[in-house]
Amino acid sequence: MSIMEAGSDAHKRFFCQQFIDTHQVFDPDSLPWPDLSEGDLAKLRAVPFWQEVYHTERRAGAIVDAFTPQITDPVVREAVALQGYEEARHAKLIHVMIERYGLDAHPQPLEDFPEDLETAFIDFGFGECLDAFLGFGAFKTARQSRFLPEAMFEIFDVLMFEETRHIVFFINYMAWRERRKGLGRTRRQLKTLRFYGRAAKRLLGMAKRGQDAHDGKDFAVTQTNLFLDGFSFRGFVDDCYRENARRMQAFNPALMQPRLLPGIADLALRGLKVWDTTRPFLRRKQT
């Protein structure tokens, strides 16, 4: 099926209905949380970012809920309202895990939102795209290394699927919104780069806060070698790229999908491959 014309009513109805139809019904309290050994508990508690994750999920739900009443289109408003419910449920899931396993995290006051709630929603959306792409790689690496029992990863998989749904919905929402506003390709691309840059800056800020709060330990999303042996940058980028492609296969091909981050990862991997090919030649030339 070919991708629909962005900005059309057919596109709007399609991506909103797809989002609603793929909603999962579950209660975080009722998920099959496993009993963990002392060793697994120690590893889970050593991960330094639970405070940031919990705060981010609580803030996400609050931003989406605050923005929803401002949406004039009833079809889009219904879908965004559902996203707000799911974001709040993510926060509850993290809270249940914190309470069950005694993790060092607690609610913090939420920052005041800017008056322009739509920009706050867009900032959040691009941030979620960046976090999810990096999270795909970290999740795959941790799962393959059996950092925790498989039962824990099965629970996290529920959250990862919803995060993937959210970014697919957001990408389609932005395409619909920008075309409705008459923005051309160049302006859309520049805007995307600007918002991704802001998202990267916030992620680095989270990394620094994770270091400060945990005796200089690195933030695990960006430095998975904190708790995993055999970490390599190339392997991590490859995992992000391949996991992103695999998870996107679960969605209707007529839906638009994120392209910038997978494109950058693909370019980086190609560049590393070229470097491996030319490096022996350069060494011989130097000698």
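Data block above holds the structure.
Residues numbered from 1 in each chain as written. Predicted model: local features only at pLDDT ≥ 70, side-chain atom pairs only at ≥ 80, totals over all residues. Heavy atoms only, no water.

S.K.: Is there a simple way to think about the side chain of Glu162 in this case?
M.R.: Looking at where Glu162 falls in the secondary structure, it is placed in helix H6 (residues 150-180). Judged by relative accessible area, which is 0%, Glu162 ranks as buried. At 2.6 Å, the side chain of Glu162 forms a polar contact with the side chain of His90. Excluding residues within four positions of it along the chain, Glu162 makes contact with Gln24, Phe26, Glu86, Arg89 and His90. (Helix = DSSP H or I, 4+ residues; strand = E, 2+ residues; numbered from the N terminus. Buried < 20%, exposed > 50% of the residue type's maximum accessible area, 1.4 Å probe, protein only. Polar contact = N/O pair within 3.5 Å; in protein donor to acceptor, adjacent residues only side chain to side chain. Contact = heavy atoms within 4.5 Å.)

S.K.: Looking at this structure, how should I read helix H4 (residues 74-101)?
M.R.: Think of an α-helix as turning once every 3.6 residues; residues three or four places apart then point the same way. Taking 1.5 Å per residue, 28 residues should reach 40 Å; H4 reaches 41 Å between its end C-alpha atoms and fits that length. One or two positions beyond H4, positive phi appears at Gly102, with a value near 65 degrees. (Expected span 1.5 Å × (residues − 1).)

S.K.: What is the right way to read the environment of Glu163 from this model?
M.R.: With respect to the helices and strands, the residue Glu163 is situated in helix H6. Among the residues examined, Glu163 registers a relative accessible area of 9% and is labelled buried. Counting along the chain gives 73 residues from Glu163 to His90, while the straight-line C-alpha distance between them is 9.3 Å. Setting aside chain neighbours within four positions, we find Glu163 in contact with Glu57, His90 and Glu128.

S.K.: When you look at the packing of helix H1 (residues 9-21) against H4 in this model, what are you seeing that I'm missing?
M.R.: Relative orientation and spacing of two packed helices are given, respectively, by the angle between their axes and the distance between those axes. Closest axis-to-axis distance for the H1/H4 pair is 9 Å, and the angle between their directions is 30 degrees. The angle between H1 and H4 falls in the class roughly parallel. Taken as a pair, H1 and H4 cross one another with a handedness that is left-handed. In this structure, H1 uses Lys12, Arg13, Cys16, Phe19 and Ile20 to contact H4, whose residues at the interface are Val75, Val76, Glu78, Ala79, Leu82, Gln83 and Glu86. Residues that form the contact of H1 with H4 fall into these classes: 7 nonpolar, 1 polar and 4 charged. (Axes fitted to C-alpha atoms, helices over the stretch in contact; angles between N-to-C directions. Parallel < 35°, antiparallel > 145°, perpendicular 65-115°, else oblique. Left-handed = near helix turned anticlockwise from the far one by under 90°. Nonpolar A, V, L, I, M, F, W, Y, C, P; charged D, E, K, R; others polar.)

S.K.: I would appreciate a short explanation of the packing of helix H5 (residues 117-144) against helix H8 (residues 233-248) in the present structure.
M.R.: For the pair H5 and H8, the least separation of the axes is 7 Å and the interaxial angle reads 105 degrees. Classified by the angle their axes make, H5 and H8 are roughly perpendicular. Contacts from Phe133, Leu134, Phe136, Gly137, Ala138, Phe139, Lys140 and Thr141 in H5 reach Phe236, Asp239, Cys240, Tyr241, Glu243, Asn244 and Arg247 in H8. Looking at the contact of H5 with H8 residue by residue, the class counts come to 8 nonpolar, 3 polar and 4 charged.

S.K.: Looking at this model, I keep getting lost on the pattern of salt bridges. Mind explaining?
M.R.: Scanning all chains against the criterion turns up 19 salt bridges. Among the ionic pairs, Arg100 bridges to Asp35, the shortest N-O distance being 3.2 Å. Of this pair, Arg100 sits in helix H4 while Asp35 sits in the loop between H1 and helix H2 (38-46), placing them 65 residues apart in sequence. Residue classification places Arg100 among the partly exposed residues on the basis of a relative accessible area of 42%. Here Lys140 ties to Asp239 by a salt bridge, and the two come within 3.5 Å at their closest N and O atoms. Taken as a pair, Lys140 in helix H5 and Asp239 in helix H8 lie far apart in primary sequence, 99 residues in all. Both residues of the pair, Lys140 and Asp239, belong to the buried class. Each member of the salt-bridge network shares a partner with another, and the members are Arg143, Glu150, Asp157, Glu243, Arg246 and Arg247. (Salt bridge = Lys/Arg side-chain N within 4 Å of Asp/Glu carboxyl O.)

S.K.: Can you help me understand the nonpolar core in this one?
M.R.: It is characteristic of soluble globular proteins that their nonpolar side chains tend to be buried jointly. In terms of nonpolar packing, the biggest core is built from 80 residues, with Trp33, Trp50, Met97 and Tyr101 touching the most fellow members. The element that contributes the greatest number of residues to this core is H6, accounting for 16 residues. Ignoring any residue separated from it by four or fewer positions in sequence, one finds Met97 in contact with Trp33, Trp50, Gly102, Leu103, Met152 and Phe156. (Core = buried A, V, L, I, M, F, W, Y, C linked by side-chain atoms within 4.5 Å.)

S.K.: How should I be thinking about the side chain of Asp73 in this particular structure?
M.R.: Looking at where Asp73 falls in the secondary structure, it is placed in the loop between helix H3 (50-67) and H4. A polar atom in the side chain of Asp73 sits 2.9 Å from the backbone nitrogen of Val75. At a separation of 3.2 Å, a polar atom in the side chain of Asp73 contacts the main-chain amide nitrogen of Val76. If sequence neighbours within four positions are ignored, Asp73 has contacts with Lys12 and Trp176.

S.K.: What am I meant to see in empty space enclosed by the protein here?
M.R.: A full pass over the atoms with the stated rule returns 2 cavities of 30 Å³ or more. Space inside the largest cavity adds up to approximately 80 Å³. Every residue lining the largest cavity is listed: Phe15, Gln18, Phe19, Thr22, Arg165, Val168, Phe169, Asn172, Phe251 and Leu255. A class-by-class count of the residues in the lining of the largest cavity yields 6 nonpolar, 3 polar and 1 charged. (1 Å grid on protein atoms, 1.4 Å probe; cavity = no way out; pocket = protein on both sides within 12 Å on 5 of 7 lines; lining within 4 Å. Points joined across faces, edges and corners; volume = space filled by probe spheres on them.)

Read these as geometric descriptors, not functional statements.
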